[in-house]
Amino acid sequence: ADIWTPFPSRRTPEQRRQHYLQVIARLRPGTTIDQARSDMNLVAEHIARLSPQTNRNWTVTMEPLRDGLVSGEVRSTSLVLGGVVAFVLLMACANVANLLLARGIGRAREIAVRAALGASGGQIARLLLSESLVLAIVGGAAGLALTWIALHAAPSIVPRGLLPEGIPLQFDSRVTLFATALTCLTGVLFGMAPAWHAARAPLGESLAAGGRASVGGAGRLRNVLAVAEVAGAVLLLAGAGLLIRTLASMNAEDAGYRADSVMTMNVSLPLSRYPDQTHVLTFFRRAEAALAAIPGVQAVGFSTVLPLEGFEIGQPVEIAGDAVSVEAVRKSAHYQLASPRYFEAIGTPIVKGRAFTDRDVATAPQVCIVNEEFVRRFLSGREPLGTIVKVPNMAPGIAPTIAREIVGVIKQVALAAGEKEKAVEIYVPIEQNVWYSSAIALKTAGSPAAVTSAARAAIASIDKDQPVTRLRTMDEVAAESTRSPRFRALLVSTFAAIALALAAVGIFGVLTFSVRERMREFGVRIALGASTSDILRLVLSVGVKLAGIGAAIGLVAAALLTRTLASLLFGVTPLDPVTFFAAPAVLVMTALVASLVPAVRAVRADPAVTLRQE
């Protein structure tokens, strides 16, 4: 179980250790989640009695270990991709069944001859089922080979950090057995309809028609399969459209900075060489001067964390003049340290007041800068400039609470791409509260990559043993923040394209077989005066009808199933009208294109040849 219980900052490590021991003592092998939750609630109540100021109304959160290892985002992504793969598999199987059904009807005379020579219905069904299984096995083997290749290529495709470290992607016996069983199952299930139809075909009619037996029931089944393929394609196109529009919304979102030519890096100073914050501050002062001296560098900024890199440290805040709140329910904000030119370096505008200056040192009045969400949520319309905010410093051990005056308000900066709730932030001058690690932003006049070597050399000139990590441009930082949505959109779009191709093949197959069976009809119609446009409309109307029915069914299914994507969407609703219009439109256009070849073949029917063959 993963247990989180807040502890008062004034308690000593020994007192905290005693609390943890009490937690461990109550957890025994074989304890159920409900029993453990009950026991831990007693522990939480005991801690609340000891420290009501900080722990009142705080409870214990417990979750299975698998939930701690696999995040909700990974779980949602896996379910979505699993569903997408299942739909594509069903569409592929429907296509194969359709083609086998058409092939079986085309072999009606051969099957009738076999039956006339004594073959039973079961023997004929087994013959066709064995053919279906051979196709399935060959396809399954090719699929396993592609899977092996894909898994070996996965480390360069799957975004770093998307999958937990304890869940490696590997090709093992379980994957092989699952794929083999699924291959055999689909081969049997989707080969049964063609086999059943062929085994039950009327013997006399098949022999008399020269292989063109009545295909009414089989034709309806092929139409149903084609409609199902279209519906599946529309569903996947709608899902892909929503994820693509989500990615576009994230990229178009105003993240609160303008950093087209900014190189970033990180440093983390070890306690062994920097035993106190005075040494740390000296290092950062010298680093700023050395980096600013690099030719082409226009501004140097230090901060705890860069935009779009997520939430780092939260600190409780209290607004002077407000009623004193209990520590357990005190407001909190994302706490960051920043150098005077940090906002200039990343291009974040000061919307009110001023930025930090070189005069904001430890001996000067203590100041801070807040963001727009801080003003909106905590100040309730009051003038932010001059307001006093009490917030603890970042410091080893017990952190002192400092009263700071708000001297500036910055534009809202996104902590993550597509964040559903805007973060409340407070910035403190690095001279008034320094920490051991920092992100560094270098605004350059030219290409950011051109200063990489010089930046490394500048840090090495101060401390030759100090590494510089994560050298990236801000464009790369932004790209990393959307890597998971981009990966999802790419995969689902790829499968949607496959589904679209399968649907087109399905409609093409149905119409091609239909045209072949109706060539005599078309010849008669042309002999009686039907024009080329009449024949074209006759064939194309069938394709449009199949596509229209499938699209309608697919839209209903999409309206029901795309709600499961809600947690993965940003800037777009699960029932986005643009997506729900574009998906069927693309499918219908594809169906028209797929119908053109059979339609042209029907137009070219020669009445004389057709009637003479009869």
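Just so it is clear, the structure is predicted and the values come from calculations on it, not from any experiment.

Peer 1: Run through the overall build of the chain, naming residues and quoting values.
Peer 2: Helices and strands together make up the secondary structure of the chain, namely 20 helices and twelve strands. Taking all 614 residues of the chain together, 43% fall into the buried category. Counting contacts in the chain only where the partners sit at least 6 residues apart, residues at least 24 apart contribute 81% of the total. Looking at the chain as shown, the accessible area adds up to about 30600 Å², and 62% of this sits on carbon and sulfur atoms.

Peer 1: Describe a nonpolar patch on the surface, listing the residues and the values that go with them.
Peer 2: Together, Leu146, Trp148, Ile149 and Phe171 give the surface a local cluster of nonpolar side chains, amounting to about 420 Å² of exposed area. Summarising the element assignment, Phe171 is placed in the loop between helix 7 (121–157) and helix 8 (173–199).

Peer 1: Give a detailed account of helix 11 (residues 277–292), specifying residues and quantitative values.
Peer 2: An ideal rise of 1.5 Å per residue puts 22 Å on 16 residues; helix 11 measures up with 22 Å between its terminal C-alpha atoms. Along helix 11, the positions that sit buried rather than exposed are Val280, Leu281, Phe283, Phe284, Ala287 and Leu291. Buried residues along helix 11 cover an arc of 155° about the axis, so they all sit on one side. Looking at the buried side of helix 11, the elements it contacts are strand 1 (262–268), strand 2 (297–303), strand 11 (437–444) and helix 14 (452–462).

Peer 1: I'd like to hear about the nonpolar core, residue by residue, with values.
Peer 2: Counting residues in each nonpolar core, the largest one holds 36 residues, and the members touching the most others are Val492 and Leu587. Among the secondary structure elements, those contributing two or more residues to this core are helix 5 (72–106), helix 10 (216–252), helix 16 (483–517), helix 18 (532–561) and helix 19 (577–603). Among the elements that take part in this core, helix 10 stands out by supplying eleven residues, more than any other. Excluding its chain neighbours within four sequence positions, the residues that come into contact with Val492 are Val80, Leu81, Val84, Leu236, Gly239, Ala240 and Leu243. Among the nonpolar cores identified, the runner-up in size contains 26 residues, and Val267, Leu291, Ile459 and Ile462 belong to it.

Peer 1: An account of helix 14 is needed here, citing residue identities and associated values.
Peer 2: Buried within helix 14 we find Thr452, Ala455, Ala458, Ile459 and Ile462. Along the axis of helix 14, the buried residues cluster in a sector spanning 125°; they form a single face. Opposite its buried face, helix 14 presents the exposed residues Ser453 and Ser461, each directed more than 90 degrees away.

Peer 1: A description of the environment of Thr579 should follow, citing residues and the corresponding values.
Peer 2: In this structure, Thr579 sits in helix 19. Along the chain, Thr579 and Gly239 lie 340 residues apart, while their C-alpha atoms are 8.5 Å from each other. Excluding its chain neighbours within four sequence positions, the residues that come into contact with Thr579 are Ala238, Gly241, Leu242, Arg245 and Pro584. Within the local environment of Thr579, its side chain forms a polar contact with the side chain of Asp576, the two groups lying 2.7 Å apart.

Peer 1: I'd love a proper account of the packing of helix 16 against helix 19, names of residues and values included.
Peer 2: For the pair helix 16 and helix 19, the least separation of the axes is 9 Å and the interaxial angle reads 30°. Viewed along their axes, helix 16 and helix 19 adopt a mutual orientation that is roughly parallel. When the axes of helix 16 and helix 19 are compared, the crossing they make is right-handed. On helix 19, the residues touching Leu500, Ala503, Ala504, Ile507, Phe508, Leu511, Thr512, Val515 and Arg516 of helix 16 are Val586, Leu587, Thr590, Ala591, Ala594, Ser595, Val597, Pro598, Arg601 and Ala602. Grouping the amino acids of the contact of helix 16 with helix 19 by side-chain chemistry returns 14 nonpolar, three polar and two charged.

Peer 1: Give a detailed account of the pattern of salt bridges, specifying residues and quantitative values.
Peer 2: Under the counting rule described, the total for this entry stands at 18 salt bridges. Between Glu480 and Arg470 there is a salt bridge, with its nearest N and O atoms 3.7 Å apart. Placement of Glu480 in helix 15 (residues 474–481) and of Arg470 in strand 12 (residues 469–473) is noted, with a sequence separation of ten residues between them. On the accessibility criterion, Glu480 (25% relative accessible area) is partly exposed. Among the residues examined, Arg470 registers a relative accessible area of 43% and is labelled partly exposed. Overlapping salt bridges, with partners in common, bring together Glu309, Arg470, Arg472 and Glu480 in one network.

Peer 1: Outline the environment of Ala228, supporting the account with residue identities and numerical values.
Peer 2: Among the structural elements, Ala228 can be located in helix 10. Separated by 134 residues in the primary sequence, Ala228 and Ala94 place their C-alpha atoms 8.0 Å from one another.

Peer 1: I'd like a rundown of the packing of helix 18 against helix 19, residues and numbers included.
Peer 2: Helix-helix packing is described using two parameters, namely the angle between the two axes and the distance between the axes. With their axes 8 Å apart at the nearest point, helix 18 and helix 19 run at an angle of 155° to one another. With respect to their mutual orientation, helix 18 and helix 19 come out roughly antiparallel. Seen from above, helix 18 lies across helix 19 with right-handed handedness. Across the contact of helix 18 with helix 19, the residue classes break down as 22 nonpolar, three polar and no charged.

Peer 1: Would you mind going over the confidence of the model for the chain in detail, with residue names and values included?
Peer 2: When pLDDT is averaged across the chain, the result is 82; 85% of the residues are at 70 or more. Confidence drops under a pLDDT of 50 for residues 1–9, and excluding neighbours within four residues, the segment shows 31 contacts in the predicted structure. For residues 210–215, every residue scores under 50 in pLDDT, and the model assigns this stretch 14 contacts once sequence neighbours within four places are set aside.

Reading guide: rules and limits
- Residues numbered from 1 in each chain as written.
- Predicted model: local features only at pLDDT ≥ 70, side-chain atom pairs only at ≥ 80, totals over all residues.
- Heavy atoms only, no water.
- Helix = DSSP H or I, 4+ residues; strand = E, 2+ residues; numbered from the N terminus.
- Buried < 20%, exposed > 50% of the residue type's maximum accessible area, 1.4 Å probe, protein only.
- Contact = heavy atoms within 4.5 Å.
- Areas by Shrake-Rupley, 256 points an atom, 1.4 Å probe, with all protein chains shown as cover.
- Patch = residues over 30% accessible without salt bridge, like charges linked within 9 Å, V, L, I, M, F, W, Y side chains within 5 Å.
- Salt bridge = Lys/Arg side-chain N within 4 Å of Asp/Glu carboxyl O.
- Expected span 1.5 Å × (residues − 1).
- Arc of directions from axis to C-beta.
- Core = buried A, V, L, I, M, F, W, Y, C linked by side-chain atoms within 4.5 Å.
- Polar contact = N/O pair within 3.5 Å; in protein donor to acceptor, adjacent residues only side chain to side chain.
- Axes fitted to C-alpha atoms, helices over the stretch in contact; angles between N-to-C directions.
- Parallel < 35°, antiparallel > 145°, perpendicular 65-115°, else oblique.
- Left-handed = near helix turned anticlockwise from the far one by under 90°.
- Nonpolar A, V, L, I, M, F, W, Y, C, P; charged D, E, K, R; others polar.
- pLDDT = per-residue confidence, 0-100.

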